Amino acid sequence: MDNIKPLFTAVATATGGRNGHTAAQDGSVSADLSVPKAMGGPGKPNTTTPEHLFAAGYAACFGGALDYVATQKRVDAKGASVTCSVSIGPRDAGGFGLAVKLHVVDPKLPQQQLQALANEAHEKICPYSHATRGNVPVEVTVQGA
């Protein structure tokens, strides 16, 4: 495991598990949680899930990593959008697991160039990609010009 030199630490507390509430210590995020009906929960309106929060964070982080790689190569990828889908379900080995799909779209960049940028962001830069590697299957697809 690599050691890091922390530049920032986010702190959040959840109470009540998947049918409770979570909030960041600094007040930047506050969300009521509810297990979706598809998972046997109440699926309360105006609530979210840990998977939604993870998907939003991963999409933003990957977009930042993509922009970083592009900037290093003097390419403008600021218009790229990243959609992250996080699935949860039972694992063959028991318990539950996650699977992630990242879809990167930038109609201004050629397909091959966008694919190369996304691959480098995934393999070398994005901390979410580093954290999931070897633990969570992550599929990266791109849609360029």
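Placed above this text is the structure.
Let me begin by describing the structure that accompanies this report. The structure presented is a predicted model; accordingly, all values stated were derived computationally and were not measured.

### Notes on the pattern of salt bridges
- Counting across every chain of the model gives four salt bridges.
- The salt bridge involving Arg 18 is made with Glu 51; its shortest N-O contact spans 2.6 Å. Of this pair, Arg 18 sits in the loop between β1 (12-15) and β2 (21-24) while Glu 51 is found in helix α1 (residues 50-72), placing the two residues 33 residues apart along the sequence.
- Between Asp 67 and Lys 78 there is a salt bridge, with the nearest N and O atoms lying 3.4 Å from each other. Here Lys 78 lies in the loop between α1 and β4 (81-90) and Asp 67 lies in helix α1, a separation of eleven residues in the sequence.
- When its relative accessible area of 23% is taken as the criterion, Asp 67 is described as partly exposed.

### Here's the deal with the side chain of His 122
- Position of His 122 relative to the elements: it lies in helix α2 (residues 111-125).
- Judged by relative accessible area, His 122 falls into the buried class, the value being 12%.
- Of the polar contacts made by the side chain of His 122, one reaches the side chain of Ser 129; its length is 2.7 Å.
- Beyond its immediate sequence surroundings of up to four residues, His 122 is in contact with Tyr 58, Phe 62, Ser 129, Arg 133, Val 138 and Val 140.

### Describing the sheet that holds β1
- Reading across the sheet, the three strands line up as β1-β2-β3 and stay open at both edges, with antiparallel pairing between neighbours. Looking at strand neighbours, the two that pair on one side only are β1 and β3 (30-32), the edges of this open sheet. On average, each strand axis in the sheet is inclined to that of its neighbour by 10°, with strand direction left out of account.
- In this sheet, β2 lies alongside β1 in antiparallel orientation, the contact comprising four bridges. Bridging from a neighbouring strand, Thr 15 pairs with His 21 of β2.

### Quick notes on the pairing of β4
- In this sheet, strand β5 (residues 96-105) lies alongside β4 in antiparallel orientation, the contact comprising ten bridges. Considered in β5, the bridge of Gly 89 is made with Gly 97.
- Counted between consecutive antiparallel strands, the loop separating β4 from β5 contains five residues, among which Gly 94 sits at a positive phi close to 100°.

Conventions we followed
- Residues numbered from 1 in each chain as written.
- Predicted model: local features only at pLDDT ≥ 70, side-chain atom pairs only at ≥ 80, totals over all residues.
- Heavy atoms only, no water.
- Salt bridge = Lys/Arg side-chain N within 4 Å of Asp/Glu carboxyl O.
- Helix = DSSP H or I, 4+ residues; strand = E, 2+ residues; numbered from the N terminus.
- Buried < 20%, exposed > 50% of the residue type's maximum accessible area, 1.4 Å probe, protein only.
- Polar contact = N/O pair within 3.5 Å; in protein donor to acceptor, adjacent residues only side chain to side chain.
- Contact = heavy atoms within 4.5 Å.
- Pairing = 2+ DSSP bridges.
- Axes fitted to C-alpha atoms, helices over the stretch in contact; angles between N-to-C directions.

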